[in-house]
Structure formats: structure tokens, C-alpha cells
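Overview (structure and organization)
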Amino acid sequence: MMNITYNVRQAVYVNLTNRCPCACTFCLRSNGPGVHGSGSLWLDREPRLDEVIADLGKWDYRTYREVVFCGYGEPTERLDTMLAVAAHLKKQDPALRIRVNTNGLSDLINGRRTAPLFANAVDCVSISLNTDDPAEYLAVCRPRFGEAAYPAMLAFAREAAAVLPEVVMTVVGEPVTSLAKQARCKAVAESLGARLRVRPYEG
Ligand code: SF4
């Protein structure tokens, strides 16, 4: 059975694809059994829109705080499906909070400016900043877009922050990201209209 949706704490997570244009050295896809012990999230095939919506129907949203589009792969690889699912959920319950966890490379993946499409569709976008150093980003995230990726991620964050109530950029805490680097990343995020969140290092 495919893990299209699953529960982590007070959120329902949606898994649309295995695809991603990056090959991060720390990626769970190559390093672990699944997200937060949810078992294998590897999809045998990408679920259709109707299958995703049907699977979401099994959750009681009075119990959950938000719906999160997240791994295994990069959700904006299926941007149209993701936005259609978000629209469905907002139609059912306009108060339901919707977040997208993304590498921020949607514009390069989809070949167009995509941040405006997120307006009124989702409440929060969480973008993996990882570092303030473009060379380090290239070495760690290994995006197939090469050097174009880091500036495109920053541009997406800036455009998303202009249209969404909340844009978060994330780094992993010490020892992966030193306090000095966290401060520099905070400055980068804030210069784009986003805020920095330091994710705990899980070893
Ligand atoms: S962007 Fe996310 S899904 Fe893609 S390789 Fe990196 S950690 Fe894995």
C-alpha cells in the first residue's frame, strides 16, 4: 500500500512524488527508512489527483493542525496536482492551514515563475536554505540545475514572501550549522522577507 498521506504529530503530511532535482548528501531518500518513523515513503508510482483526495478523506481535520506537502521527493515536481489538492482542502475548510516544505526550486523545475500561484492556495512555505554560501549549497544539495539553483531559490523565497502570510527558511542547527552561520542565514532570510527556523540536528 502506498503512503500517500501520513500523520506526524498534529499534522497530516502529503507525499506526492519521489522526484527531486537535488541529491542532498543528508537526504532521507538515500539515508533512512522514512520520515519520523512513518515507514517507507517510497511511492511505487505517483498517485493521481483523485487518489490523493480520496486518501486525505481518511483524516478527521478537527484533530489536526495543518496539512503539509512534504517529501519523499520535492512536492513542486507536481505543482499542478499540489495546488489542486490545496484548493480542494481550502474549499472543504478555508481555516485549515496548509504548508509546503520545499527546496525552493519550483521556478526551475516548472520553467516559469511559480510563487504567485501559491497565493491564496497555501498559508506557509518552508524553504530549505541550508547555507548562506552558494558554493556549499552546490556541494551539499547537488542540484541538477547547477549554479543557477541557489539564486533561483532565493528569488522564489522573495516572491513567495511578497504574496504569502508566512515564508520560513530553514537550516539545521549545530553542529551542522555554526551559530555564526545561523546568524548569516537569518540575515539572508530576513532580507527576503522570510524568517529563519533552525531545525534540530537529529544526528
Ligand atoms: S531537496 Fe529534499 S528531497 Fe530533494 S534531495 Fe534534498 S533533502 Fe532530498
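Residues numbered from 1 in each chain as written. Predicted model: local features only at pLDDT ≥ 70, side-chain atom pairs only at ≥ 80, totals over all residues. Heavy atoms only, no water.

1. What to know about the packing of helix α2 (residues 49-56) against helix α3 (residues 79-92)
The description of two helices packed together rests on the angle between their axes and the distance between the axes. Which entries qualify depends on this criterion: Axes here refer to lines fitted to C-alpha atoms; in helices the fit is confined to the stretch in contact. Angles between the N-to-C directions go from 0 to 180 degrees. What counts as a helix is a DSSP run of H or I of at least four residues, what counts as a strand is a run of E of at least two, and both are numbered from the N terminus. We call two directions roughly parallel when the angle between them is under 35 degrees, roughly antiparallel when it is over 145, roughly perpendicular when it lies between 65 and 115, and oblique otherwise. Rotating anticlockwise by less than a right angle from the far helix to the near helix defines a left-handed crossing, while the corresponding clockwise rotation defines a right-handed one. Only heavy atoms enter the contact rule, under which two residues are in contact if any of them lie within 4.5 Å. When residues are sorted by character, Ala, Val, Leu, Ile, Met, Phe, Trp, Tyr, Cys and Pro go into the nonpolar class, Asp, Glu, Lys and Arg into the charged class, and all the rest, Gly among them, into the polar class.
At a minimum axis distance of 10 Å, the contact between α2 and α3 shows a crossing angle of 40 degrees. In terms of orientation, α2 and α3 fall into the oblique class. For the pair α2 and α3, the sense of crossing is right-handed. Side by side, α2 and α3 meet where Leu-49, Val-52, Ile-53 and Leu-56 of the first sit next to Thr-81, Ala-84, Val-85, His-88 and Leu-89 of the second. Tallied by class, residues from the contact of α2 with α3 come to seven nonpolar, two polar and no charged.

2. Points about the pattern of salt bridges
Note the following rule: By convention in these notes, a salt bridge is any Lys or Arg side-chain nitrogen within 4 Å of a carboxyl oxygen on Asp or Glu. Remark: exposure states derive from per-residue accessible area (1.4 Å probe, protein chains only) relative to the maximum for the residue type, with buried under 20%, exposed over 50%, and partly exposed in between.
Considering all chains together, one arrives at 19 salt bridges under this definition. Where Glu-51 meets Arg-45, a salt bridge forms, and the shortest distance between an N and an O atom there is 2.6 Å. Given the relative accessible area of 41%, Arg-45 is considered partly exposed. Three or more residues joined by partner-sharing salt bridges are found here, namely Arg-65, Glu-66, Arg-97, Arg-99, Glu-166 and Arg-195.

3. Section: the site of the ligand
As a reminder, the rule being used: Here a residue counts as near a molecule or strand whenever at least one of its heavy atoms sits within 4 Å of it.
Taken together, Cys-20, Cys-22, Ala-23, Cys-24, Phe-26, Cys-27, Arg-29, Tyr-72 and Asn-103 make up the full set of residues adjacent to the ligand. When grouped by side-chain class, the residues that make up the shell around the ligand number seven nonpolar, one polar and one charged.

4. Overview of unusual backbone geometry
Backbone phi values are negative for most residues with the exception of glycine, while trans is the configuration of most peptide bonds. For the bond from Glu-174 to Pro-175, the omega torsion is 5 degrees, close enough to zero to count as cis. The topology assignment puts Pro-175 in the loop between β6 (166-172) and α8 (179-191). Of note, the phi angle at Arg-9 is positive, near 50 degrees, even though the residue is not glycine. Among the residues examined, Arg-9 registers a relative accessible area of 66% and is labelled exposed. Notably, Asn-120 is not glycine yet its phi reads approximately 65 degrees, a positive angle. Its place among the elements puts Asn-120 in the loop between α5 (115-118) and β5 (124-128).

5. A closer look at the confidence of the model for the chain
What counts here: The score called pLDDT rates the predictor's confidence residue by residue, from a low of 0 to a high of 100.
Of the residues in the chain, 95% reach a pLDDT of 70 or more, and the chain-wide mean stands at 93. Low confidence marks residues 33-38, where pLDDT is under 50. Its contacts with residues over four positions away, or in another chain, come to 15 contacts.

6. Remarks on the nonpolar core
In plain terms, the rule: Buried residues of nine kinds, namely Ala, Val, Leu, Ile, Met, Phe, Trp, Tyr and Cys, make up a nonpolar core once their side-chain atoms join them within 4.5 Å.
In terms of nonpolar packing, the biggest core is built from 54 residues, with Phe-69, Phe-118, Val-122, Leu-129, Met-153 and Met-169 touching the most fellow members. It is helix α7 (residues 149-163) that provides the largest number of residues to this core, a total of eight residues. Those residues within four positions of Leu-129 in sequence are excluded, and the remaining contacts are Tyr-137, Tyr-150, Met-153, Leu-154, Met-169, Thr-170, Val-171, Cys-185, Val-188 and Leu-196. With eight residues, the next largest nonpolar core counts Tyr-6, Val-8, Tyr-13 and Cys-70 among its residues.

7. With respect to the packing of aromatic side chains
Defined as follows: Centres within 6.5 Å are what make two rings of Phe, Tyr or Trp a pair, Trp counting through its six-membered ring; a difference in plane orientation under 30 degrees is then read as stacked, over 60 as edge-to-face, and the rest as tilted.
Summed over all chains, the structure comprises five aromatic pairs. When the centroid spacing of 6.1 Å and the interplanar angle of 75 degrees are considered together, the rings of Trp-42 and Tyr-72 count as edge-to-face. On the criterion of sequence distance, the pair formed by Trp-42 in the loop between α1 (28-31) and α2 and Tyr-72 in the loop between β3 (66-70) and α3 is long-range, its members being 30 residues apart. On the basis of relative accessible area, Trp-42 is assigned to the partly exposed category, the value being 47%. Measuring from ring centre to ring centre gives 5.5 Å for Phe-118 and Phe-156, while their planes differ by 75 degrees; the resulting arrangement is edge-to-face. Here Phe-118 is found in helix α5, whereas its partner Phe-156 is found in helix α7, with 38 residues between them in sequence.

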